[in-house]
Amino acid sequence: MRAVIRAVIAVSASLAVVGPIGFFWSDSLVPDTYDMAEMGYPDYGGGPAGGHDLYGDQPPAEHYRYGDEPPAESHHYAGISVADLKGPSGTPDVAVTLTTRQSGNRYTVNGTSPGPEIRAVQGQLIQVTLVNESVRAGVTLHWHGVDVPNAEDGVAGITQDAVRPGKTYVYRFVARNAGTYWYHSHQVSHVQVRNGLFGALVILPRADAHPGAVAAVHTYQGKRTINGVPGVSGLADRAVRVINTDSGPIRIWVSGTSFQVIAIDGRDVHEPPVVENRAVLVTAGGRVDLRLSRPARVDVGGGAAVAAPGIRAAALPRAMLDFLSYGTPAPLGFDPARSDRRFRYDIGRRFGFLNGKPGNWWTVNGHLFPNVPMFMVSTGDIVRMTIHNGTGEVHPMHLHGHHMVVLSRNGVASTGSPWWTDSLDVLQGDTFEVAFVADNPGIWADHCHNLKHVPEGLVAHLMYTGIRSSFLVGGPARNVPE
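Draft legend 1. A look at the sheet that holds strand E6 (residues 125–132). Spatially, E4-E3-E6-E8 is the arrangement adopted by the 4 strands of the open sheet, whose pairing is mixed. Of all the strands in the sheet, the pair left with one neighbour each is strand E4 (106–109) and strand E8 (168–174). Here the average twist between neighbouring strands, direction ignored, is 20°. Bridging between strand E3 (residues 94–103) and E4 involves 4 bridges; their strand directions are antiparallel. Counted as the bridge partner of Thr 100 is Val 109 from E4.

See below:
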């Protein structure tokens, strides 16, 4: 009898331990095929569950085109499809074909990495035809930092299906904002981008068709390069556009002259002062445009630099340029104090299960993927978001389809030029408050651009009320939206 009691106690104790583990394991499982718009839970940020979106009674395919002004007084059309939120028709001003190839673990665009630089003038219609010649997992192109219409955003399973080998896909969008941008795959991106599937996109202002020197920084197998070239390349220009295509932040510095940071993430800095002996942080996915007082040298670390003849590298300055106080204030175009939605994006980490696998995973607001928030907005909303990082690692946070303005960092208000960004470096312990206007309907990824962190769960989405998904993660196209 005692043996039976001991056995019952042992079984009960085992069930007490295994039962909860089994529950959390089961709760973590992600279906092979699912609609991203139905994952997690809606967070309305204190605003209404309904919306005041601006399309009236007709879907966008019939009367809305990107760049048009929607009616000022109307109600949201229920169930607008992501696939209908397209760029405009018409004859393109810039037409480019990009052919992607895979050879082992190496990826190229038109036979090179980086792929060809795309240039356009502000206001021009860009058309890019993507041809997947041999990328086995499929491919897309995301226009990083360009606030394109949602159907052109290039995120597999959310805004399109991955383009399978032998297939093509056409992107069309207007070059609305001059600045420095880049394109890269958003299908299994932690593999494809790291191994070469990316390129630069420069949109020039109408009044100035001088592109400056593009410096796309990327690390191939441990070797840092600029435009695919290690070591020091020549520089004959005073304007340098630095693009960080890696998954971690870099510090860049100028030797031999003073300089200005004239743009951050494709947005001009208002009245940028001339500085010297300052390092500049460029977060993963981020871009900074420099204007040198004369042709000199720009180092990006790892021995890679662009330099005028005879200019040697100075030591990396200890002092950092702080974008929070750089430049002078200017109007934002909206009042963040009159926000319609307020969200928190708390980045954490804890042990648990992600899709049935045990590990120390990233969390959003305490939740493991897929039970993460969907930040719900309506067109016209003024949105404030507080981003906090308590994980011990840096996270470059990237919001698709929108630019955020930094209001404060760790309680210190911005006093310089409006710091507009789409890729924000959030260090351990940092708390940023940002704001933006919800003016680009769709379903938008809001994720860490340390790309290996996305499959580890550090991703959420901004979703407009009344928008429905048109694509599935997984499915016949085997979409992997990371």
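Draft legend 2. Structural context of the side chain of Asp 381. Inspection of the secondary structure puts Asp 381 in the loop between strand E25 (373–377) and strand E26 (382–389). On the basis of relative accessibility, which here comes to 2%, the residue Asp 381 falls in the buried class. At 2.7 Å, the side chain of Asp 381 forms a polar contact with the side chain of Arg 341.

Draft legend 3. Looking closely at the packing of aromatic side chains. By the definition in use, this model includes 10 aromatic pairs. An aromatic cluster is present here, built from Trp 143, Tyr 169, Tyr 171, Phe 173 and Tyr 183 joined pairwise through their rings. Just above the ring of Trp 362 sits the side chain of Arg 349; from NZ or CZ to the centre is 3.9 Å.

Draft legend 4. Up close: unusual backbone geometry. In the segment running from Ser 113 into Pro 114, the intervening peptide bond is cis, with an omega of 0°. As for its placement among the helices and strands, Pro 114 is situated in the loop between E4 and strand E5 (118–121). Pro 370 follows Phe 369 through a cis peptide bond whose omega is 15°. Even without glycine at this site, Glu 271 takes up a positive phi of about 50°.

Draft legend 5. The arrangement of the sheet that holds strand E17 (residues 267–268) in detail. Pairing within the open sheet is mixed, and its 6 strands lie in the order E12-E11-E14-E19-E16-E17. Taken across any chain shown, the strands that pair with only one partner, and hence form the sheet edges, are strand E12 (223–226) and E17. Judged from the 5 bridges that link them, strand E14 (residues 239–244) and strand E19 (residues 287–292) form a sheet pairing that is antiparallel. Within E19, the position partnered with Val 240 by the bridge is Leu 290.

Draft legend 6. Layout of the pattern of salt bridges. Applying the stated criterion across every chain yields a total of 12 salt bridges. The closest approach of N and O atoms between Glu 117 and Arg 119, which form a salt bridge, is 2.5 Å. For Glu 117, a relative accessible area of 31% corresponds to the partly exposed category. By relative accessible area, which is 44% here, Arg 119 ends up partly exposed. One salt bridge in this structure joins Arg 297 and Asp 299, with 2.6 Å as the shortest N-O distance. Take Arg 297: its relative accessible area is 11%, and that puts it in the buried class.

Conventions and cut-offs
- Residues numbered from 1 in each chain as written.
- Predicted model: local features only at pLDDT ≥ 70, side-chain atom pairs only at ≥ 80, totals over all residues.
- Heavy atoms only, no water.
- Pairing = 2+ DSSP bridges.
- Helix = DSSP H or I, 4+ residues; strand = E, 2+ residues; numbered from the N terminus.
- Axes fitted to C-alpha atoms, helices over the stretch in contact; angles between N-to-C directions.
- Buried < 20%, exposed > 50% of the residue type's maximum accessible area, 1.4 Å probe, protein only.
- Polar contact = N/O pair within 3.5 Å; in protein donor to acceptor, adjacent residues only side chain to side chain.
- Phe/Tyr/Trp six-rings, centres within 6.5 Å; stacked < 30°, edge-to-face > 60°.
- Lys NZ or Arg CZ within 6 Å of the ring centre and 35° of its normal.
- Salt bridge = Lys/Arg side-chain N within 4 Å of Asp/Glu carboxyl O.

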